Amino acid sequence: MPMTNKELADAIIRTVGASNIRSATNCMTRLRLQTAQRDQSMLDGLKKIEGVLGLNIDGDELQIILGPGRATNVTTEVNALLSKAPRGAIGDGQALRNELKARNATPIKLFFKRIASIFLPLIPGFIACGLITGCVGLALKFDPTLADQSMIKLLMVAGNTILWGMNLFVGFNAAKEFGGTPILGGILAALLTHPSLSDVVIAGSALLPGRGGVISVILVAALGAFVEKKLHSIVPEMFDLFVTPLVTFLTAGAAAIFILQPIGGMISETIGSAATVAVQSGGAAVGFILAGLWLPMVMFGVHQAMTPIHVDLIGQYGVTILLPILAMAGAGQVGASIAVYFKTKNKFLKRTVASALPVGMMGVGEPLIYGVTFPLGRPFVGACIGGAFGGAVQASSAVGAATLGISGLPLAAATNNIAMYFVGLLTAYVAGFIATWLLGFDDPIEQ
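A. Spotlight on the overall build of the protein. When helices and strands are counted, the protein shows 17 helices and six strands. Taken over the C-alpha trace, the protein has a radius of gyration of 24 Å; the compact-globule value for 447 residues is 22 Å, and the two agree within 12%. Overall, the protein is about 75 × 65 × 40 Å in size when its C-alpha atoms are taken along their principal axes. The buried share among the 447 residues of the protein stands at 47%. Taking all contacts inside the protein whose residues are at least 6 apart in sequence as the whole, residues at least 24 apart take part in 73%. Element-wise, carbon and sulfur atoms account for 68% of the exposed surface of the protein, whose accessible area totals about 20,900 Å². Taken as two groups, the 29 positive and 24 negative side-chain charges of the protein have centres that lie 5 Å from each other.

B. How the structure looks around the state of the cysteines. In total, this model carries zero disulfides according to the counting rule given. Of the cysteine sulfurs around cysteine 129, a residue in no disulfide, the closest is that of cysteine 135, at 12 Å.

C. Representation of helix 16 (residues 378-397) in the model. Between its first and last C-alpha atoms helix 16 spans 29 Å; for 20 residues at 1.5 Å apiece the expected length is 28 Å, and the two agree. Counting buried positions along helix 16 gives 14 out of 20 residues, so the element sits mostly inside the fold. Backbone geometry just after helix 16 places alanine 398 at a positive phi near 50 degrees.

D. Examining the environment of arginine 30 more closely. Note on placement: arginine 30 falls in strand 2 (residues 30-35). Arginine 30 sits 23 residues away from leucine 53 along the chain, and the two C-alpha atoms are 9.5 Å apart.

E. Local environment of the packing of helix 7 (residues 150-177) against helix 8 (residues 182-193). Interhelical geometry of helix 7 versus helix 8 gives an angle of 145 degrees and a closest axis separation of 7 Å. Classified by chirality, the crossing of helix 8 by helix 7 is right-handed. Between helix 7 and helix 8, the contacting residues are Asn167, Leu168, Gly171, Phe172, Ala175 and Lys176 on the first element and Pro182, Ile183, Gly185, Gly186, Ala189, Ala190 and Thr193 on the second. Grouping the amino acids of the contact of helix 7 with helix 8 by side-chain chemistry returns seven nonpolar, five polar and one charged.

F. How the structure looks around the packing of helix 1 (residues 5-16) against helix 2 (residues 40-47). One way to put it is that helix 1 packs onto helix 2 with a least axis distance of 9 Å and a crossing angle of 165 degrees. Classed by the angle they form, the pair helix 1 and helix 2 counts as roughly antiparallel. For the pair helix 1 and helix 2, the crossing hand works out as right-handed. Every residue of helix 2 that contacts helix 1 at Ile12, Thr15 and Val16 is listed here: Met42, Gly45 and Leu46. Its residues assigned to classes, the contact of helix 1 with helix 2 shows four nonpolar, two polar and no charged.

G. Seen up close, the nonpolar core. Counting 80 residues, the largest nonpolar core has Phe119, Phe126, Val170, Leu411 and Tyr421 as the members making the most contacts within it. Top contributing element to this core by residue count: helix 13 (residues 322-343), with eleven residues. If near-sequence neighbours (up to four positions away) are discounted, phenylalanine 126 is found in contact with Leu131, Ile162, Leu163, Met166, Val311, Ile314, Thr403 and Leu404. Ranked by size, the runner-up nonpolar core spans 24 residues in total, among them Leu43, Ile64, Ala71 and Val74.

H. Quick peek at unusual backbone geometry. Notably, alanine 398 is not glycine yet its phi reads approximately 50 degrees, a positive angle. Mapping alanine 398 onto the fold places it in the loop between helix 16 and helix 17 (418-439). Given the relative accessible area of 38%, alanine 398 is considered partly exposed.

I. Here's a closer look at the environment of histidine 194. If you trace the backbone, histidine 194 turns up in the loop between helix 8 and strand 5 (201-202). When the C-alpha positions of histidine 194 and lysine 347 are compared, they lie 61 Å apart, and in sequence the two are 153 residues distant.

What counts and what doesn't
Residues numbered from 1 in each chain as written. Predicted model: local features only at pLDDT ≥ 70, side-chain atom pairs only at ≥ 80, totals over all residues. Heavy atoms only, no water. Helix = DSSP H or I, 4+ residues; strand = E, 2+ residues; numbered from the N terminus. Rg over C-alpha atoms; globule rule 2.2 N^0.38 Å. Buried < 20%, exposed > 50% of the residue type's maximum accessible area, 1.4 Å probe, protein only. Contact = heavy atoms within 4.5 Å. Areas by Shrake-Rupley, 256 points an atom, 1.4 Å probe, with all protein chains shown as cover. Lys, Arg positive; Asp, Glu negative; His and termini not counted. Charge placed at Lys NZ, Arg CZ, Asp CG, Glu CD. Disulfide = S-S within 2.5 Å. Expected span 1.5 Å × (residues − 1). Axes fitted to C-alpha atoms, helices over the stretch in contact; angles between N-to-C directions. Left-handed = near helix turned anticlockwise from the far one by under 90°. Nonpolar A, V, L, I, M, F, W, Y, C, P; charged D, E, K, R; others polar. Parallel < 35°, antiparallel > 145°, perpendicular 65-115°, else oblique. Core = buried A, V, L, I, M, F, W, Y, C linked by side-chain atoms within 4.5 Å.

Below, the structure is given as C-alpha coordinates:
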(Lines give C-alpha, C1' and ligand atoms only; values in the text may rest on other atoms or scores of the structure.)
Protein backbone atom coordinates (compact mmCIF):
# COMPACT_ATOMS: atom_id res chain seq x y z
CA MET A 1 0.00 0.00 0.00
CA PRO A 2 1.51 3.41 -0.98
CA MET A 3 2.65 5.79 1.73
CA THR A 4 0.30 8.53 2.79
CA ASN A 5 1.49 12.11 2.42
CA LYS A 6 2.11 12.31 6.16
CA GLU A 7 4.10 9.07 6.18
CA LEU A 8 6.18 10.27 3.23
CA ALA A 9 6.82 13.62 4.93
CA ASP A 10 7.86 11.84 8.12
CA ALA A 11 10.24 9.54 6.24
CA ILE A 12 11.86 12.52 4.48
CA ILE A 13 12.29 14.45 7.74
CA ARG A 14 13.82 11.44 9.51
CA THR A 15 16.26 10.94 6.65
CA VAL A 16 17.28 14.60 6.33
CA GLY A 17 17.01 15.46 10.02
CA ALA A 18 14.52 17.97 11.43
CA SER A 19 17.26 20.21 12.86
CA ASN A 20 19.01 20.13 9.49
CA ILE A 21 16.03 21.68 7.66
CA ARG A 22 15.91 25.49 7.58
CA SER A 23 12.79 25.85 5.43
CA ALA A 24 10.46 23.76 3.30
CA THR A 25 8.69 25.14 0.23
CA ASN A 26 7.49 23.64 -3.02
CA CYS A 27 6.91 24.24 -6.71
CA MET A 28 4.55 22.23 -8.92
CA THR A 29 6.52 18.97 -8.69
CA ARG A 30 9.28 19.41 -6.07
CA LEU A 31 9.63 19.71 -2.30
CA ARG A 32 12.40 22.28 -1.83
CA LEU A 33 14.36 21.98 1.41
CA GLN A 34 16.93 24.53 2.54
CA THR A 35 19.39 22.36 4.48
CA ALA A 36 22.36 23.16 6.70
CA GLN A 37 24.34 20.19 5.48
CA ARG A 38 23.98 16.91 3.64
CA ASP A 39 26.03 13.86 2.76
CA GLN A 40 25.84 10.98 0.33
CA SER A 41 24.22 8.62 2.81
CA MET A 42 21.36 11.09 3.24
CA LEU A 43 20.87 11.37 -0.53
CA ASP A 44 20.99 7.59 -0.94
CA GLY A 45 18.44 7.23 1.85
CA LEU A 46 16.07 9.70 0.21
CA LYS A 47 16.26 7.88 -3.11
CA LYS A 48 15.10 4.66 -1.42
CA ILE A 49 11.95 6.24 0.03
CA GLU A 50 8.81 5.08 -1.74
CA GLY A 51 7.27 8.06 -3.53
CA VAL A 52 10.52 9.96 -4.08
CA LEU A 53 10.89 10.19 -7.86
CA GLY A 54 14.31 11.87 -7.95
CA LEU A 55 16.61 14.49 -6.44
CA ASN A 56 18.20 17.71 -7.61
CA ILE A 57 20.66 19.97 -5.75
CA ASP A 58 20.92 23.72 -6.18
CA GLY A 59 23.42 25.17 -3.70
CA ASP A 60 22.00 24.62 -0.22
CA GLU A 61 18.57 23.77 -1.66
CA LEU A 62 17.71 20.09 -1.84
CA GLN A 63 14.91 19.49 -4.35
CA ILE A 64 12.96 16.26 -3.82
CA ILE A 65 10.84 15.38 -6.84
CA LEU A 66 7.43 14.04 -5.83
CA GLY A 67 5.19 14.93 -8.77
CA PRO A 68 2.32 17.40 -9.26
CA GLY A 69 -0.21 17.64 -6.46
CA ARG A 70 1.76 15.43 -4.11
CA ALA A 71 4.58 17.98 -3.82
CA THR A 72 2.15 20.54 -2.38
CA ASN A 73 0.50 18.07 0.00
CA VAL A 74 3.75 16.60 1.29
CA THR A 75 5.22 20.08 1.82
CA THR A 76 2.20 20.96 3.96
CA GLU A 77 2.77 17.82 6.05
CA VAL A 78 6.51 18.51 6.31
CA ASN A 79 5.91 22.00 7.67
CA ALA A 80 3.29 20.70 10.08
CA LEU A 81 5.70 18.08 11.43
CA LEU A 82 8.61 20.53 11.57
CA SER A 83 6.55 22.95 13.66
CA LYS A 84 6.38 20.27 16.36
CA ALA A 85 9.98 19.06 16.06
CA PRO A 86 12.95 20.41 18.07
CA ARG A 87 15.08 22.63 15.85
CA GLY A 88 18.69 23.66 16.10
CA ALA A 89 21.95 23.88 14.26
CA ILE A 90 24.03 20.82 13.58
CA GLY A 91 27.64 21.56 14.34
CA ASP A 92 28.87 24.23 11.97
CA GLY A 93 25.90 23.64 9.66
CA GLN A 94 24.83 27.27 9.74
CA ALA A 95 28.27 28.45 8.67
CA LEU A 96 28.28 25.88 5.86
CA ARG A 97 24.81 26.96 4.82
CA ASN A 98 25.83 30.62 4.70
CA GLU A 99 28.91 29.77 2.67
CA LEU A 100 26.91 27.72 0.15
CA LYS A 101 24.23 30.37 -0.08
CA ALA A 102 26.75 33.12 -0.77
CA ARG A 103 28.49 31.00 -3.36
CA ASN A 104 25.29 30.13 -5.24
CA ALA A 105 23.29 33.33 -4.77
CA THR A 106 24.34 34.87 -8.06
CA PRO A 107 22.26 37.84 -9.24
CA ILE A 108 20.90 35.85 -12.19
CA LYS A 109 19.84 32.88 -10.02
CA LEU A 110 18.23 35.16 -7.46
CA PHE A 111 16.41 37.05 -10.22
CA PHE A 112 15.05 33.83 -11.77
CA LYS A 113 13.90 32.54 -8.37
CA ARG A 114 12.17 35.81 -7.55
CA ILE A 115 10.37 35.98 -10.90
CA ALA A 116 9.36 32.32 -10.64
CA SER A 117 7.92 32.95 -7.17
CA ILE A 118 5.62 35.61 -8.64
CA PHE A 119 4.15 33.34 -11.30
CA LEU A 120 4.15 29.85 -9.77
CA PRO A 121 0.98 30.50 -7.71
CA LEU A 122 -0.83 31.41 -10.94
CA ILE A 123 -0.15 28.15 -12.77
CA PRO A 124 -3.21 26.22 -11.48
CA GLY A 125 -5.38 29.06 -12.78
CA PHE A 126 -3.71 28.93 -16.18
CA ILE A 127 -4.20 25.17 -16.33
CA ALA A 128 -7.90 25.37 -15.47
CA CYS A 129 -8.70 28.27 -17.81
CA GLY A 130 -6.43 27.01 -20.60
CA LEU A 131 -8.04 23.58 -20.66
CA ILE A 132 -11.52 25.12 -20.69
CA THR A 133 -10.52 27.35 -23.62
CA GLY A 134 -8.99 24.41 -25.47
CA CYS A 135 -11.98 22.13 -25.00
CA VAL A 136 -14.42 24.85 -26.06
CA GLY A 137 -12.30 25.60 -29.11
CA LEU A 138 -12.29 21.90 -30.03
CA ALA A 139 -16.08 21.72 -29.69
CA LEU A 140 -16.52 24.77 -31.91
CA LYS A 141 -14.35 23.22 -34.62
CA PHE A 142 -16.76 20.29 -34.80
CA ASP A 143 -19.88 22.45 -34.58
CA PRO A 144 -19.47 26.25 -35.04
CA THR A 145 -23.18 26.80 -34.31
CA LEU A 146 -22.50 26.01 -30.65
CA ALA A 147 -21.06 29.53 -30.30
CA ASP A 148 -24.61 30.90 -29.98
CA GLN A 149 -25.44 28.77 -26.94
CA SER A 150 -25.40 30.48 -23.54
CA MET A 151 -23.44 27.68 -21.86
CA ILE A 152 -20.69 27.88 -24.46
CA LYS A 153 -20.54 31.65 -24.05
CA LEU A 154 -20.26 31.21 -20.30
CA LEU A 155 -17.45 28.68 -20.72
CA MET A 156 -15.63 31.08 -23.04
CA VAL A 157 -15.85 33.75 -20.34
CA ALA A 158 -14.59 31.24 -17.77
CA GLY A 159 -11.64 30.30 -19.97
CA ASN A 160 -10.69 33.95 -20.36
CA THR A 161 -10.86 34.71 -16.63
CA ILE A 162 -7.15 34.24 -15.94
CA LEU A 163 -6.28 36.77 -18.65
CA TRP A 164 -8.84 39.26 -17.35
CA GLY A 165 -7.42 39.19 -13.83
CA MET A 166 -3.81 38.25 -14.56
CA ASN A 167 -2.21 41.67 -14.06
CA LEU A 168 -3.89 42.09 -10.69
CA PHE A 169 -2.63 38.70 -9.51
CA VAL A 170 0.88 39.44 -10.77
CA GLY A 171 0.90 42.87 -9.12
CA PHE A 172 -0.24 41.37 -5.81
CA ASN A 173 2.40 38.61 -5.88
CA ALA A 174 5.18 40.88 -7.16
CA ALA A 175 4.67 43.45 -4.40
CA LYS A 176 4.76 40.65 -1.84
CA GLU A 177 7.94 39.20 -3.36
CA PHE A 178 9.69 42.59 -3.39
CA GLY A 179 8.80 43.25 0.23
CA GLY A 180 5.87 45.62 -0.23
CA THR A 181 2.19 45.45 0.70
CA PRO A 182 0.51 43.04 -1.74
CA ILE A 183 -2.71 45.01 -2.13
CA LEU A 184 -0.76 48.13 -3.14
CA GLY A 185 0.85 46.09 -5.90
CA GLY A 186 -2.62 44.91 -6.88
CA ILE A 187 -4.13 48.38 -7.18
CA LEU A 188 -1.09 49.66 -9.08
CA ALA A 189 -1.63 46.80 -11.55
CA ALA A 190 -5.33 47.70 -11.69
CA LEU A 191 -4.39 51.29 -12.51
CA LEU A 192 -2.33 50.12 -15.49
CA THR A 193 -5.16 47.96 -16.82
CA HIS A 194 -8.18 50.11 -15.99
CA PRO A 195 -10.37 50.36 -19.12
CA SER A 196 -11.08 54.08 -18.48
CA LEU A 197 -7.43 54.89 -19.21
CA SER A 198 -8.41 54.97 -22.87
CA ASP A 199 -10.48 58.10 -22.12
CA VAL A 200 -7.39 59.97 -20.89
CA VAL A 201 -5.48 61.89 -23.56
CA ILE A 202 -1.96 63.12 -22.77
CA ALA A 203 0.19 65.00 -25.28
CA GLY A 204 -2.35 64.24 -27.97
CA SER A 205 -2.32 60.47 -27.42
CA ALA A 206 -4.85 58.37 -25.53
CA LEU A 207 -3.44 56.04 -22.88
CA LEU A 208 -3.55 52.34 -23.66
CA PRO A 209 -4.95 50.10 -20.88
CA GLY A 210 -2.80 47.08 -20.18
CA ARG A 211 0.14 48.15 -22.33
CA GLY A 212 3.24 46.21 -21.40
CA GLY A 213 1.29 43.40 -19.76
CA VAL A 214 2.99 41.65 -16.87
CA ILE A 215 6.34 43.33 -17.61
CA SER A 216 4.92 46.76 -16.77
CA VAL A 217 3.17 45.34 -13.72
CA ILE A 218 6.37 43.80 -12.33
CA LEU A 219 8.25 47.09 -12.85
CA VAL A 220 5.63 49.20 -11.08
CA ALA A 221 5.17 46.68 -8.26
CA ALA A 222 8.92 46.66 -7.64
CA LEU A 223 9.00 50.46 -7.62
CA GLY A 224 5.97 50.61 -5.33
CA ALA A 225 7.61 48.21 -2.86
CA PHE A 226 10.81 50.26 -2.91
CA VAL A 227 8.98 53.55 -2.27
CA GLU A 228 6.84 52.00 0.44
CA LYS A 229 9.82 50.63 2.37
CA LYS A 230 11.61 53.98 2.18
CA LEU A 231 8.52 55.79 3.44
CA HIS A 232 8.12 53.38 6.35
CA SER A 233 11.60 54.39 7.50
CA ILE A 234 11.05 58.16 7.36
CA VAL A 235 7.33 58.80 8.00
CA PRO A 236 6.42 59.16 11.71
CA GLU A 237 4.48 56.14 12.98
CA MET A 238 1.35 58.13 13.80
CA PHE A 239 1.05 59.20 10.14
CA ASP A 240 2.43 56.05 8.52
CA LEU A 241 -0.92 54.32 8.03
CA PHE A 242 -2.30 57.27 6.05
CA VAL A 243 0.71 58.85 4.36
CA THR A 244 2.64 55.78 3.16
CA PRO A 245 -0.10 54.06 1.11
CA LEU A 246 -1.23 57.35 -0.45
CA VAL A 247 2.24 58.59 -1.40
CA THR A 248 3.28 55.12 -2.58
CA PHE A 249 0.26 54.83 -4.86
CA LEU A 250 0.54 58.37 -6.24
CA THR A 251 4.32 58.24 -6.74
CA ALA A 252 4.54 54.76 -8.22
CA GLY A 253 1.30 55.28 -10.16
CA ALA A 254 2.59 58.45 -11.81
CA ALA A 255 5.87 56.75 -12.67
CA ALA A 256 3.91 53.81 -14.04
CA ILE A 257 1.76 55.87 -16.38
CA PHE A 258 4.46 58.20 -17.69
CA ILE A 259 7.61 56.04 -17.55
CA LEU A 260 7.29 52.38 -16.60
CA GLN A 261 4.30 51.45 -18.73
CA PRO A 262 5.91 52.78 -21.94
CA ILE A 263 9.17 51.02 -21.03
CA GLY A 264 7.32 47.82 -20.14
CA GLY A 265 5.36 48.10 -23.35
CA MET A 266 8.53 48.26 -25.43
CA ILE A 267 10.06 45.30 -23.57
CA SER A 268 6.88 43.24 -23.85
CA GLU A 269 6.40 44.02 -27.53
CA THR A 270 10.06 43.22 -28.21
CA ILE A 271 9.83 39.85 -26.46
CA GLY A 272 6.59 38.98 -28.23
CA SER A 273 7.89 40.02 -31.63
CA ALA A 274 11.25 38.31 -31.15
CA ALA A 275 9.62 35.02 -30.16
CA THR A 276 7.07 35.00 -32.96
CA VAL A 277 9.51 36.22 -35.63
CA ALA A 278 12.15 33.70 -34.53
CA VAL A 279 9.72 30.81 -34.79
CA GLN A 280 8.05 32.04 -37.97
CA SER A 281 11.28 32.88 -39.80
CA GLY A 282 13.51 30.20 -38.31
CA GLY A 283 10.77 27.60 -38.32
CA ALA A 284 11.92 24.05 -37.77
CA ALA A 285 15.55 25.03 -37.09
CA VAL A 286 14.59 27.28 -34.17
CA GLY A 287 12.24 24.66 -32.78
CA PHE A 288 14.95 22.02 -33.10
CA ILE A 289 17.45 24.11 -31.09
CA LEU A 290 15.02 25.25 -28.39
CA ALA A 291 13.57 21.81 -27.69
CA GLY A 292 16.97 20.15 -27.91
CA LEU A 293 18.40 22.38 -25.18
CA TRP A 294 15.38 22.30 -22.90
CA LEU A 295 16.10 19.11 -20.92
CA PRO A 296 19.43 20.39 -19.57
CA MET A 297 17.65 23.60 -18.50
CA VAL A 298 15.02 21.55 -16.67
CA MET A 299 17.76 19.55 -14.98
CA PHE A 300 19.43 22.66 -13.62
CA GLY A 301 16.11 24.10 -12.46
CA VAL A 302 16.25 27.27 -14.57
CA HIS A 303 13.28 26.35 -16.73
CA GLN A 304 10.95 28.50 -14.63
CA ALA A 305 12.60 31.60 -16.07
CA MET A 306 10.43 31.00 -19.15
CA THR A 307 7.17 31.33 -17.21
CA PRO A 308 6.80 35.13 -17.49
CA ILE A 309 7.55 34.92 -21.22
CA HIS A 310 4.77 32.36 -21.69
CA VAL A 311 2.43 34.55 -19.66
CA ASP A 312 3.27 37.62 -21.71
CA LEU A 313 2.76 35.78 -25.01
CA ILE A 314 -0.63 34.47 -23.85
CA GLY A 315 -1.59 37.99 -22.79
CA GLN A 316 -0.62 39.44 -26.20
CA TYR A 317 -1.68 36.70 -28.60
CA GLY A 318 -3.93 34.38 -26.62
CA VAL A 319 -1.40 31.52 -26.96
CA THR A 320 2.28 30.87 -26.35
CA ILE A 321 4.02 29.31 -29.33
CA LEU A 322 7.02 28.38 -27.19
CA LEU A 323 5.37 25.93 -24.80
CA PRO A 324 4.45 23.24 -27.40
CA ILE A 325 8.04 23.41 -28.70
CA LEU A 326 9.61 23.04 -25.27
CA ALA A 327 7.14 20.33 -24.24
CA MET A 328 8.69 18.08 -26.87
CA ALA A 329 11.78 17.67 -24.68
CA GLY A 330 9.71 15.55 -22.31
CA ALA A 331 8.31 13.57 -25.24
CA GLY A 332 11.83 12.81 -26.45
CA GLN A 333 12.55 11.51 -22.99
CA VAL A 334 9.59 9.16 -23.20
CA GLY A 335 10.88 7.70 -26.48
CA ALA A 336 14.39 7.34 -25.07
CA SER A 337 13.08 5.55 -21.99
CA ILE A 338 11.03 3.13 -24.08
CA ALA A 339 14.23 2.24 -25.95
CA VAL A 340 15.97 1.65 -22.62
CA TYR A 341 13.10 -0.59 -21.50
CA PHE A 342 13.37 -2.87 -24.53
CA LYS A 343 17.17 -2.90 -24.60
CA THR A 344 18.07 -3.39 -20.94
CA LYS A 345 18.30 -6.77 -19.27
CA ASN A 346 18.29 -5.18 -15.81
CA LYS A 347 14.97 -6.03 -14.14
CA PHE A 348 15.12 -3.13 -11.69
CA LEU A 349 15.73 -0.66 -14.52
CA LYS A 350 12.79 -2.12 -16.44
CA ARG A 351 10.55 -1.63 -13.41
CA THR A 352 11.80 1.93 -13.00
CA VAL A 353 10.99 2.79 -16.62
CA ALA A 354 7.59 1.10 -16.45
CA SER A 355 6.60 3.04 -13.31
CA ALA A 356 7.88 6.40 -14.56
CA LEU A 357 6.61 6.23 -18.15
CA PRO A 358 2.92 6.99 -17.40
CA VAL A 359 3.74 10.22 -15.53
CA GLY A 360 6.33 11.05 -18.19
CA MET A 361 3.70 10.84 -20.90
CA MET A 362 1.50 13.11 -18.77
CA GLY A 363 4.24 15.75 -18.79
CA VAL A 364 6.14 15.10 -15.54
CA GLY A 365 9.63 14.31 -16.81
CA GLU A 366 11.81 14.40 -13.68
CA PRO A 367 11.40 10.70 -12.77
CA LEU A 368 12.65 9.70 -16.21
CA ILE A 369 15.47 12.27 -16.14
CA TYR A 370 16.87 11.36 -12.75
CA GLY A 371 15.86 7.72 -12.65
CA VAL A 372 16.58 6.58 -16.19
CA THR A 373 18.15 8.72 -18.91
CA PHE A 374 20.61 10.97 -17.09
CA PRO A 375 22.23 8.25 -14.95
CA LEU A 376 22.75 6.17 -18.10
CA GLY A 377 24.34 9.08 -20.02
CA ARG A 378 23.79 8.46 -23.70
CA PRO A 379 20.01 7.97 -23.40
CA PHE A 380 19.84 11.53 -22.07
CA VAL A 381 21.46 12.70 -25.31
CA GLY A 382 18.99 10.55 -27.22
CA ALA A 383 16.12 12.19 -25.35
CA CYS A 384 17.45 15.65 -26.29
CA ILE A 385 17.65 14.59 -29.94
CA GLY A 386 14.10 13.24 -29.85
CA GLY A 387 12.84 16.47 -28.29
CA ALA A 388 14.66 18.50 -30.92
CA PHE A 389 12.88 16.72 -33.79
CA GLY A 390 9.52 17.10 -32.08
CA GLY A 391 10.21 20.80 -31.47
CA ALA A 392 11.00 21.24 -35.16
CA VAL A 393 7.54 19.90 -36.05
CA GLN A 394 5.78 22.18 -33.55
CA ALA A 395 7.67 25.26 -34.72
CA SER A 396 7.14 24.57 -38.42
CA SER A 397 3.38 24.36 -37.76
CA ALA A 398 3.34 27.34 -35.32
CA VAL A 399 1.35 25.36 -32.76
CA GLY A 400 0.32 27.53 -29.80
CA ALA A 401 -0.99 26.72 -26.33
CA ALA A 402 -3.50 28.73 -24.30
CA THR A 403 -2.13 27.56 -20.96
CA LEU A 404 1.10 26.83 -19.12
CA GLY A 405 2.22 24.51 -16.36
CA ILE A 406 1.37 21.30 -18.24
CA SER A 407 2.92 19.41 -21.14
CA GLY A 408 2.82 15.93 -22.63
CA LEU A 409 -0.56 14.47 -23.56
CA PRO A 410 -2.68 16.85 -21.41
CA LEU A 411 -1.36 19.90 -23.26
CA ALA A 412 -3.01 18.79 -26.49
CA ALA A 413 -6.46 19.97 -25.37
CA ALA A 414 -5.16 23.52 -24.84
CA THR A 415 -3.42 23.89 -28.23
CA ASN A 416 -4.74 25.60 -31.34
CA ASN A 417 -3.76 22.71 -33.61
CA ILE A 418 -4.32 19.41 -31.82
CA ALA A 419 -3.54 17.25 -34.85
CA MET A 420 -0.11 18.79 -35.44
CA TYR A 421 0.65 18.76 -31.75
CA PHE A 422 0.14 15.00 -31.74
CA VAL A 423 2.28 14.67 -34.89
CA GLY A 424 5.10 16.50 -33.09
CA LEU A 425 4.60 14.40 -29.97
CA LEU A 426 4.78 11.15 -31.96
CA THR A 427 7.85 12.45 -33.83
CA ALA A 428 9.61 13.13 -30.53
CA TYR A 429 8.72 9.66 -29.23
CA VAL A 430 10.03 7.93 -32.35
CA ALA A 431 13.16 10.09 -32.73
CA GLY A 432 14.04 9.70 -29.05
CA PHE A 433 13.59 5.93 -29.33
CA ILE A 434 15.72 5.61 -32.48
CA ALA A 435 18.48 7.94 -31.24
CA THR A 436 18.77 6.08 -27.94
CA TRP A 437 18.68 2.68 -29.62
CA LEU A 438 21.53 3.70 -31.92
CA LEU A 439 23.59 5.44 -29.24
CA GLY A 440 23.19 2.55 -26.83
CA PHE A 441 24.22 2.56 -23.17
CA ASP A 442 26.13 0.51 -20.62
CA ASP A 443 23.53 -1.78 -19.12
CA PRO A 444 23.75 -1.65 -15.30
CA ILE A 445 24.76 -4.90 -13.62
CA GLU A 446 21.87 -6.55 -11.79
CA GLN A 447 22.27 -6.15 -8.02
